[in-house]
Structures are given as structure tokens and as C-alpha cells.
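Survey of secondary and tertiary structure
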Amino acid sequence: MVKAPGTSPLASLSLGHRNVYILPTRAGGMLGVTLAVLLVGAINYQLSLGYLLAFVLAGGALAALFQTHATLRGLVLSLRPPEPGVDGAATALGLRLQAPRAGARLRCGIEVQAAPAGASHWRTLRTPAVLVPELARDGTADVTVTAPPRPRGVHPLPTLRLTTRFPLGLFRAWAVWTPPGELLVAPRPEAAPPPWPEAGAASDMLEGLRPWRAGDSMRQIAWRKSAQADAPISRDRLRDPQVRAGLWIDWDTAGPAPLEPRLSRLAAWLDLADRAGLTYGLRLPGLTVPPQGGAAHRRRCLEALARC
Amino acid sequence: MLNHASRAVASAAARSRSWAPPREARDTWFLLVVIAWVVAPQLPRLPVWCGPLVAGVLAWRGWLAWTGRHLPATRWRLGLLAVALGATLASHHTLVGRDAGITLIAVLLALKTLELRARRDAFVVFFLGLFTLLTQFFASQTPATAAFVGVGVLGLFTALVNAHRPAGTPTLTGSAWIAARLLLLGLPLAVVLFVLFPRLPPLWGLGGDALAGRSGLSAQMEVGDVARLALDDSVAMELVFDGPVPPRSQLYFRGPVLANFDGRTWHPLYPHRVTLPLPEVAARRAPARTAGEAVRYTLTQPPSHRPWLPLLDITLEPPQPVADGTDSSWRRDLRRTPEAQWVLAAPAHDVVRLRAESHPLHLIGPIDRLGALPLEYRELPASYNPRTLQLATDLMKASPAPPDDKATLVRMALQRLREGGYRYTLEPGTFGRDSADEFWFDRREGFCEHIASAFAILMRGMDIPARIVTGYQGGEAGAGGGAWRVRQSDAHAWVEVWLHGQGWVRVDPTQAVAPSRTGSLQRLAPRPGLLGSAVSALDAGLAERWRAAWASVEALWRDGVTDYTPSRQQALLHPLLGSPATPGDLLRIMGLALAGLAAAGLLAIPARTAWRAWRIHRGDDPLRRRLETTRKRLTARGLQLPPSATPRQMARAVHERFGAQAGPLAEWLAQAEAARYGKCHARPSSDLAREWRQLPWPR
């Protein structure tokens, strides 16, 4: 149960009688009709065992009702803080289901589906449902749910729905949860971004690496880094202490384009710098992220772009 | 040892490699087995073509699953469906009604497998299977049938559970356990409903085929149609005689009288409606002359679902209800036919208990006015049984007595039966068109139906009015001198001939063929099965005890389950209500019982919560108790801790004292703390309790 830092849940919910709903399925309705016909047959032909058969089936169906409900009841859902998504692409949400170990074996066939927060028409949703066929022996299951694509910006977290028909398919139990919190969607990186502007100190970077410029010799190219960054990167002979302070990805140098393409360009540069393993900072109007590297830094920068 | 173990593992692995059907194929086979189980008991009662068709389709589907081939094209399936429908129509001349319905359901169940993807279509098989299981009760409601159907229900449930476990390859036994658990959990509800759901009379009139197929008496007699007479040992009625039991040769119980013969089938002359209601019976006593003492008895008939009351021949006065609180509503429906048979206006769906007075020695009907008899008693269909008619002419020519001395002719016919090499058998095979000819000249064997029919035809051929009486004959004393018991297997058919100067006289031609059938105590019993003969060979006493124990089980089953009738239901609730329960009362009681069950279920969870809270309030908190025990055990191992030590302090001390070997304990203590003081994500207390019991303790 030792948790790595940063994976502590954003929110959690335990499912109980208050938030698990259940209704018969079409097959359940058919069973009702079948039982009625069996009973009428037993009455009309005076078959005592026919009565018994119909009642045993009714008892089994009722037990299935409770079992279906119990498949969800007692589950604890917890959502990991989601990574910022990308404009127009589906976002992955990490959801953990946890159940008491006793009876965890009987929690089968749970489907998880996500919809934009507040959605009320589940039937028309095209988001794929993720099936949790079984819980692990310790009563847990980790699911990656795909949230529907959203535009760049800050959105409420999507609504999650858990559904199950186990064990007989006669009833469908479901629970709906809109976790508190927000989903950040960063701009989509520009497909073919121009190289970083050379002006000022922005063109310098740690380790003496910089984007390739016309005139750099073949020897100067850092091939491995270039391969990682998908763009030629050269070793810089200048070892200016100022250059070591890092690369600046600057709002002002991203051109006079409207807001979204400009943010896209920044995102593309950010990606490039991150993939090259460079140290970079981000300057936005009214916000400055000092140069640094690593996943947490990238996340912070993407958040800044999303909120812009 | 290690070698053995590893070899075993290796061979198991090899087996699983060589025998690993894909999930889809395995599920399909399982479903096929369940279908075969559900349909198989029906096959003997279905038309002949059903067995090969069902077996062939199931085998074909199994082979397709085995080889992983595609399912047959739509035109194949439609073609097979058309063939099945056509064959059903040809066999039953209809597609509706009970028998055609049973055939159709069985065939459809098999054909459905041809468009079956095991998991998706499990429901269709489920519903059709349930109907097929119900139809088995038409034929039999014995404990064995119930057990068979129970296994079928479990199989259908297992298939459904399996279809809803989408992961990998879950074991079938696992699915079966889940299914069995559901059925067991539902059992209390099933019992409450079974006991309290109002038992109703049939909701609407039953079709003509409603009572066909049940063993025992029937409304007509089709001669030569039954190749093998299956003896049904269920009890038809029980009698307690006021005096000694009359000789068995006088124990004829009069059922439907059949007089209309169309060459193939004997029908009653008087349809069921032409009967005399009770007031008229009193006014118009059947003309009869009796001899000897009247026999008085109390008769108990389990629900027969038939309208006849087979009373001891002949009962002239209307039977009376028994004054012991049992249902007497049958008395309203009591009727008598002109042929001295007692019937009810509606089938007896409840136990009938009555007192009656009979005269075993009797003559009935007009004595000397042949013209008073309906012509039907002398008619024979044209161009049937020519050799029998020739025999009739020959006998009349050979008769030494004057032509109108019919009694001599009857004696001569009986003598022919006795001395002509005729044999009684339960397995005569089917007869052709001229059943009497076949009996008299070709086969010379049969059971009571063949003998009585052939005899009656011969009588009519000699211009002697004759009719067939069906009913029961004989019976046996119950265990320990109990009631006299007549079973369905005692069903019998005999003949009445009208003789000038005497009226209707009973003649039992079967007695002439096989005196033991009616005379002595021993009935013709079918050969015992393999197991039965083995047991008898080992120890006759054991077999006897076994039979007695089984008889008592059957009696319990009959009283509690199969014959749980409206009157039994009312008798059960009578003490509770103080008055006979109406269906409305029953519904109310059932509603109360169900509400009670539901309330118990609803209250169980809050009650458990409250119980736990109360225990914690009292200081009897499981987690705290476990921590306290942990502290004591640690003290016993030399680690002194103050009673006030928190789980975290304990964990730290344990870690310092025992090092790595106390890792699990320290971890558990940390979780216990989280469970008590943490916010969310705490482990459920049941998990903690289990882990605590399995903890390795440091030394």
C-alpha cells in the first residue's frame, strides 16, 4: 500500500445504497413473462411441480437482483489526477476500483464509460466502454477510461458511469459519478513549427545545444538528440554562462498569429524542447515559468497553456 | 519426491496443452450438453423423427464447434425449420395445442443451436429450456423427475452465468457455484410462494389433449396402439373397508364404460354431459338386482384431474362426504351415467374422500327387454375383423344349445380363450387394422385392452349386446394392515354382456387367459431391473426394507408436493385463520410473508451496522481487541509495550526489536491505524481481520 508521491487520489467515492441504481433489462422482462406463462401452465394443467419450478426461478431471479446490485455496492472508486489532455484528442483517466476482499470474486463484468460532465444521454454517446472483467485477488482493479475529446481549456472532470449485468443479465445496475476537479486540455502542438527565433538569449541552452542553423557543420550536429527531437540540433561552441540558464519559450516570439495557433506553436516548441531533454522556461503574458526540466515541469507548462 | 511432483506438473501441463478448447467452443459444448439433458426425457413421448433430428443437429453443432467451422448458411437453417414444422404438422395435424407445442419447443431448441453464438444467445436457450423442463411434469411428477429437472435448471443458470463472465476462461464449476448460490438464496422465497400462493382451479377450459398421456384411465380406448404397457405405480385410491376386504375377484372398480366402436377406438356411448344430476339419481334408481351383503367403505382418491369416480362395482346409492372436515365440494358436481358410472361435472383437482356402499354381486339393466337397449351395443363397423366374424358364425353353428341360449356361446368363447394357447403379455407390440383378427388368430397374446376388445367384438358378432368397462381391478393391502391400496397399474378393462333373463353380466376375458391377473394375489409384474434383481438376490429383507422406506418417501412427496391441493392448503392455514382460507386470505398472508422476508432483508444491513456500533460503544471493538491481543502476544515474546501504545508506536517498536521478520506485522499495524483514523482508502475491516489471522508472528 505504499504509494508513490503524486499518485494520491484526486477524489474518491464509495458506492452504497444511495448511489447504485438498478432496473430490469429486456431479458429480465422476458423472464417475467416466461414465469407468468409457466405459472398459468401449472395452474391450467394442475402441475404442482410446475408451481414449484416457477417459484424456484422467481427466487433465483430475486437473488440475482441482489447479486447484481452487490456487484457495485461496496466498491470504492478513486480517480488519479489526470494528465493534461490535448485539444481534440481523447483523454485517459486512471480509475481504481477497490472492493473488500471477501466476495471480490463475485464482482465481474463491470463496464466503465465516461461522458462530458452533465451529459444526460448515455445512449447516444460514442465513447468506448472499458470492461473490467474481474477484480484482482486483492479486490482491486485499475482501469484507464477514455474521456471524450474536448477543446483546449479548463473543463470539469467527465462523468463516469459504472454498469454491470452480472450474474444473469436480468438486471442492470449502474452508478454515476462526476468526480470533483478539473480536466486541463492543452493546445494541440503545431504540426510543422518554425525553428526557435534566434533573437536574444532565447536561442541558447544548457549543454551547449541549440537548434540547427544553416551553416552548422555536420560534425556540430548532435545526432542522437536530433533523432529524439525530430529536428536537427547542433552543439554550440559558445559556452556562455548565460546560455546555461536555459531556453525561453516566449509568447512574444511565437508570432502575431491569433491566440490558438500561437499557443499551438508554443506547445510544439515545448514538446521539441522536452523531447530533446533541454532545460526550458515559458513566458506568457502575465505568467512566467522559470526554466527547468522533467515531467513535472512539462506538466506545469502545459497547464499554463491550457489556462491561457 | 520432487521428481514425482515435477513430473506430475509437467504431465498436467502437457495435458492442458493438448486439451485446451477455446472458450467459445467449450461454452457451446456445455450448452449442447444442457440442451440434450433438457430434451432427452421428452424424446420417448415425441414423434419418432424427433430423436434423430435433435441428436443429429446437436452433434452437427458440436462438430462445427470442435473444428471451428462457420455455422450453416441461412437457407440451411430455414430449410431445416421448414422440415421440422412440416413434420410436426404431419405428426400432430396441428401446430397448436399441448403435444404439438412440446414437439415444437424441443425441435426449436435444437435448431436454435445452429445460429448460436454461445454467449449472445444464451437467453433464447434459457427461456426455451424452461418451457421444455415444465413439459416433463405432464408425464411424471416423481422425486426423480424433480431432481432431473433441478439439475436442468442448474445447468441453464450456469450457462447464463457463464455468458456473463466475459473474462478469459472462467471455470464452469465456478459458474455452477455462482448459479447454485443464487438458487439456494432464492429457495426461502420459493418455499413461501409454494406454500402460500393460492392454488386455483384451471383458469380456462383445457383442450382435448389436456389429460392425454397421463397414465391410468382414459376417456377412450385405442386398441393395439400401445406397444409396451408402462406400469405406473402411483396410488389411484385408498380404501378402508368397514368389514373384511372382499375377495380380490370381486374388486372391480367401475370407470368409463365404452360402447361405440369404430374399428380402431372404443368411445363412450354417453358423452360426459348426458348424466343424471343427484336429485334425479334418487328418483331413478338404476334397475339392479343384488345379492349378498353390501360392502361399506371409505375411499380416498388423490387429485386425479379426471371427472370419474371409480367406485366399487356396483354402487347404487350416491356416495356421501366424510364428516371429518375434508373438502366436500365434489358432492355438488356428482352425477351418474345411465351405465351406472359415477362422475363429477368437473375434473377432480382435489382430494376426494367419500363413504359409499357397494354390492359386488349384482346384475343390472333391463332383464328381458332387448328392445330397451340402445342399438349401439350390438353394432360393429363394416368390413373390420372378417375372420372374427367368421369365428362368431362358426361358434354359433357349433353350439349344442338352441340359438337364443347366448350364455352357452359366452362360455364357449371363454373356453377358447382358456384352451386356445392365448397368453397375457405387457409387451404385445402394435396391432394392425383388424386388431381382433390379429388377437384371435395371429398373435394370440395381449393385455386386457386387446383381450376385452377382441372378446366384445366376438360377442357382438354373435349378436350378443356387449360393452367394455374400464376401471381398476384388485389392489393390495397397505403396509402394516393399512388402507387397501389401488394403483394406476391396477387399471383394467373387462366386458359386460347382456343376457336375456339376467341383464348385464360381467365377463372378464382376461381372467380366462391369465387367471393370475385377477384371481390370486400376485399380479403380473414387469421384470425387475438389473439393480432390483441384484438387490433381491443379495438380501430379500434389505430389498423389502428399502422398498418400505421408499414408499414412505413417496407418500411424503405425494402429500407435501404433488398433491398439495387447495384443500390441503386450506387445512394448513385453518388453525392460523380459524376459518377456511379464501384465495384472498391466501394472497394477504402471502403478501405479509413476503413483506416480512423483505423487511428482514432490508433490516439486516442497518441491524448489522447498529450491532457493530453498539459493540464498539461497549468497548468490544474487534479492531481494538485485535490490537490488545497483539500487544499481549508481543509481551509474551519479550516486547513490553504500555497499554496506551498506538498502532504506529507498536509498529515502530516491533520493527526495532524484531527487524525485517516483523515486516508483515508492522505493515498490518500501519494499515490498522489507517483503517481507524484514515479518511478514505482504508482497508475494509473484514480484510484486516483475515490478514491478522494469517500474520506470521516474529520470534
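Below, the discussion takes up the overall build of chain B. The secondary structure content of chain B amounts to 23 helices and 22 strands. By the burial criterion, 45% of the 699 residues in chain B qualify as buried. For chain B, restricting intrachain contacts to residue pairs at least 6 apart in sequence, the fraction spanning at least 24 positions comes to 72%. As displayed, chain B offers around 34500 Å² of accessible surface, 61% of which is attributable to carbon and sulfur atoms.

Residues and elements named next belong to chain A. Averaged over chain A, the pLDDT score is 80; the fraction of residues at 70 or greater is 86%. Per-residue pLDDT, averaged within each element of chain A, yields its smallest value for helix α4 (residues 241-244) (43) and its largest for strand β2 (residues 21-24) (94). With pLDDT under 50 throughout, residues 1-7 is counted as low confidence; its partners more than four residues away or in other chains account for six contacts. Between residues 238-244, whose pLDDT stays under 50, and residues either more than four places distant or in other chains, the model counts seven contacts.

Contact residues are listed per partner, giving 51 residues for chain A and 61 residues for chain B. Buried area between chain A and chain B, both sides added, is near 5100 Å², and the carbon and sulfur share of it is 73%. Summed over the three residues of chain A that lose the most area to chain B, namely Tyr45, Gln46 and Leu49 of chain A, the buried surface amounts to 14% of that side. Across the chain A-chain B interface, the total number found is six residue pairs in polar contact (both at pLDDT 80 or more). For the side of chain A that touches chain B, the secondary structure elements donating two or more residues are α1 (26-44) and α2 (48-72) of chain A. With 16 residues, α2 of chain A is the single largest residue contributor to the side of chain A that touches chain B. Considered class by class, the residues forming the side of chain A that touches chain B number 34 nonpolar, 14 polar and three charged.

Given 3.6 residues to a turn, an α-helix orients residues that are three or four positions apart in the same direction. All names here are of chain B. The end-to-end C-alpha distance of helix α20 (residues 622-636) is 21 Å, a good match for the 21 Å that 15 residues give at a rise of 1.5 Å each. What α20 keeps buried is the set Leu623, Arg626, Leu627, Thr630, Arg631 and Leu634. Buried residues of α20, viewed axially, fall in a sector of 140 degrees; they line one side. More than 90 degrees from the buried face of α20, the exposed residues found are Lys632 and Ala636. Among the structural elements, α21 (647-658), α22 (663-677) and α23 (685-693) are those in contact with the buried residues of α20. Glycine 638 sits one or two positions beyond α20 and adopts a positive phi of about 90 degrees.

Procedures and definitions
- Here the residue index of a chain counts from 1 through its sequence in written order.
- Lettering of chains starts at A and numbering of ligands starts at 1, both following the order in which they are written.
- It should be noted that, the model being predicted, local features are given only for residues of pLDDT at least 70 and side-chain atom pairs only at 80 or more, the latter also being counted only at that level, while totals for whole chains, interfaces and linings use all residues.
- Each side-chain value is derived from all of the structure's non-hydrogen atoms; neither hydrogens nor water enter the calculation.
- Think of it this way: any DSSP run of H or I at least four residues long counts as a helix, any run of E at least two long counts as a strand, and we number them from the N terminus.
- Any residue under 20% of the maximum accessible area for its type is buried, any over 50% is exposed, and the rest in between are partly exposed; the area is computed with a 1.4 Å probe on protein chains only.
- When checking whether two residues touch, look at their non-hydrogen atoms; a contact exists if any pair is within 4.5 Å.
- For every accessible area listed, the method is Shrake-Rupley and the probe measures 1.4 Å; residues are considered covered only by the protein chains on display.
- Every residue is assigned a pLDDT by the predictor, reflecting its confidence on a scale from 0 to 100.
- Buried area: the accessible surface (1.4 Å probe) lost by two parts on joining, summed over both.
- We call two N or O atoms a polar contact when they sit within 3.5 Å, provided that within protein one can donate a hydrogen and the other can accept it, with sequence-adjacent residues counted only if both atoms are side-chain atoms.
- When residues are grouped by polarity, Ala, Val, Leu, Ile, Met, Phe, Trp, Tyr, Cys and Pro land in nonpolar, Asp, Glu, Lys and Arg in charged, and all others, Gly among them, in polar.
- Any helix carries an expected span of 1.5 Å times its number of residues minus one.
- The arc in question is formed by the directions pointing from the helix axis toward the C-beta atoms.

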